[in-house]
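Summary of the model geometry
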Amino acid sequence: MELRAVRGMNDILPEEVERWHKLEGAFRLNAELHGYAEVRTPLLEPTELFRHQMGETTDVVEKEMYSFERHGDALTVRPEGTAGAARAYVEHAVHAKEPVTRWYYIGPMFRGERPAKGRYRQFYQAGCELFGDPGPLCDAETIDLIAGFLERIGIADFVVHVNSLGSAGTRERYREALLAHYTPRKDRLSEDSQRRLEKNPLRILDSKDPRDHEVSRDAPMILDLLDDADRAHWDGVLRCLDVLGVNYVIDRSLVRGLDYYTRTLFEVKATSGDLGSQSTLAGGGRYDNMVAGLGGPSVPAIGFAMGMERLLTLMPGDAPRRKPGCFLAPLGQVGADRALVLAKQLRALGVSVELDGRGGRLKSMLRRADAVGARLCVILGDSEIERGVLQIKDLAAHVQEEIPLEGAARVLADRALESSPGGGQRGAR
Ligand code: AMP
């Protein structure tokens, strides 16, 4: 029986993980510069959380969630991060501890979508959620955080699409307007949209079915229906984006696939690269009603999530390969015992070490030391150890010398750490 990874779920091997670390590190730094702190919530949540918050009639909830029952509980492997973060915010009464909360997260999400390039069933998102600030300044700063981050990691070709969905009253009026538009054209809609028409006509606008696109072409636009307060907020967001110099377009047909959004809505799309139809790098918006909907107080919120795989496809540059500072090549039993102790001493001094325990010939060990990119190869021959010395070979400078065994760890550490910048050093010294 040949066992393979689940379709749409990828192994990330060590040579790729280096680039992931680089991306994650840049994200953490950028989020922390904006005052965000990391939150970690469970991968499993009550199914009800997503059904309620993302919306019964959304694609994700209707078709894509990995849901199951265990010990009488209906559970779902999280398809996104916002609902869990908001649940945690309410559960820990964070609003009572501070008026404004900024959280970020990085982690895997699960959706049973049809796999394609840039679209997986397990994929990683990095996201931010900001609770407690209703003002347009933070909408613009949130968008600018994403733009700044993309630039920092070397992705320059993107554009931000923005729209406003208004608040609850506006949404209700929009629903009526959409019903009036679609009802006489119902027969031309896809089966999914016909079914969703009464419950949630907004979902027809982000349907992927070409029949729905056709009928939606002259549908009313929500920007035309904003009330005065929504309009003031929207104008404020655009003004701040202009102040920040963000490259954006107003996308009147942007609705995004989830129900919880209110007012500002945005997507960041790549304008070059080969992501094809999966060019949306990030998406987010305001969700001013979620915290109250989860039984918390009325606390406004805004957030976004980015797809890490898509960012990695576009992020230029190779990550530096991790190289050991010292490679230990023991020849014989006495050398091997000595190498075990020396490796421990070197690691305690902050030097990364690879000990060749295969017991092979010196030539093949030197070849291996070269292949892993070690700076120093330490040869521990039994007769030399009996004389109280070691051979060290500088693999970059191609010189070999003998040093006393006594105090060798310190000497090797100094060489390894000074000779290659970062010299295999992991952690503080
Ligand atoms: P969403 O949570 O649907 O708003 O998605 C936010 C971002 O996550 C998208 O813009 C994508 O970059 C990424 N994303 C969403 N779904 C997938 C998926 N199935 N595979 C890979 N990336 C995804």
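Going along each chain's sequence as written, the residues are numbered from 1 onward. Note on the predicted model: pLDDT of at least 70 is required for a residue's local features to be given, and 80 or more for side-chain atom pairs to be given and counted; whole-chain, interface and lining totals, by contrast, use all residues. The basis for every side-chain value is the complete set of non-hydrogen atoms in the structure, without hydrogens or water.

It is worth spelling out the pattern of salt bridges at this point. Salt bridges, as used here, are contacts in which a Lys or Arg side-chain nitrogen is within 4 Å of a carboxyl oxygen on Asp or Glu. Within the structure shown, the criterion is met by 32 salt bridges. Taking the shortest distance from any N to any O, the salt bridge between Arg217 and Glu214 comes out at 2.5 Å.

Next up on the list: the sheet that holds strand E8 (residues 248-250). By this definition, two strands are paired if DSSP reports at least two bridges between them. Each helix is a run of DSSP H or I of at least 4 residues and each strand a run of E of at least 2, with the numbering of both proceeding from the N terminus. Spatial strand order, E1-E5-E6-E11-E10-E9-E7-E8: eight strands in an open sheet with mixed pairing. At either margin of the open sheet sits one strand with a lone partner, and together these are strand E1 (37-38) and E8. Pairing analysis gives six bridges linking strand E9 (residues 262-270) to strand E10 (residues 280-286), with the strands arranged antiparallel. Considered in E10, the bridge of Val268 is made with Ala282.

So, about the pairing of strand E6 (residues 122-131). The buried label goes to any residue with under 20% of its type's maximum accessible area, the exposed label to any with over 50%, and the partly exposed label to all in between, with areas taken from a 1.4 Å probe on protein chains only. Buried residues dominate E6, accounting for eight of its 10 residues. Bridge count for strand E5 (residues 101-110) against E6 is 10 bridges, and the pairing is antiparallel. Its bridge partner being in E6, Met109 is matched across the sheet by Phe123. Two elements, E6 and strand E11 (residues 301-307), share seven bridges in a ladder whose sense is antiparallel. Counterpart to Ala126 in the pairing with E11 is Met306.

The next point concerns empty space enclosed by the protein. As defined here, a cavity is a set of points on a 1 Å grid over the protein atoms alone where a 1.4 Å probe fits but cannot get out. A pocket is an open set with protein on both sides within 12 Å along at least five of seven lines, and residues line them when an atom is within 4 Å of a point. Grid points are joined across faces, edges and corners, and a volume is the space filled by probe spheres set on the points. Under the defined criterion, the tally for this structure stands at one cavity of 30 Å³ or more. Taken as a whole, the largest cavity holds about 30 Å³ of empty space. Lining the largest cavity are Tyr174, Leu205, Pro220, Met221, Arg252, Ser253 and Val255. Side-chain classes follow a simple rule in which Ala, Val, Leu, Ile, Met, Phe, Trp, Tyr, Cys and Pro form the nonpolar group, Asp, Glu, Lys and Arg form the charged group, and the remainder, Gly included, forms the polar group. Partitioned by chemical class, the residues of the lining of the largest cavity number five nonpolar, one polar and one charged.

This part is about the side chain of Glu309. Secondary-structure assignment places Glu309 in helix H12 (residues 308-314). Charged residues are defined here as Lys and Arg on the positive side and Asp and Glu on the negative side; His and the ends of the chain fall outside this count. Buried and unpaired, Glu309 has no salt bridge, with Arg310 as the nearest side chain of opposite charge at 6.8 Å.

Further remarks concern the layout of surface pockets. Roughly 440 Å³ of volume is contained in the second largest pocket. As for the second largest pocket, its lining consists of 18 residues, and the residues nearest its centre are Arg171, Asp259, Tyr260, Tyr261 and Asn289. Only helix H2 (47-54), helix H6 (168-182) and helix H11 (290-293) provide two or more residues apiece to the lining of the second largest pocket. The element contributing the most residues to the lining of the second largest pocket is H6, with five residues. Among the residues forming the lining of the second largest pocket, the class breakdown is seven nonpolar, six polar and five charged.

Geometric values such as these leave the question of function open.
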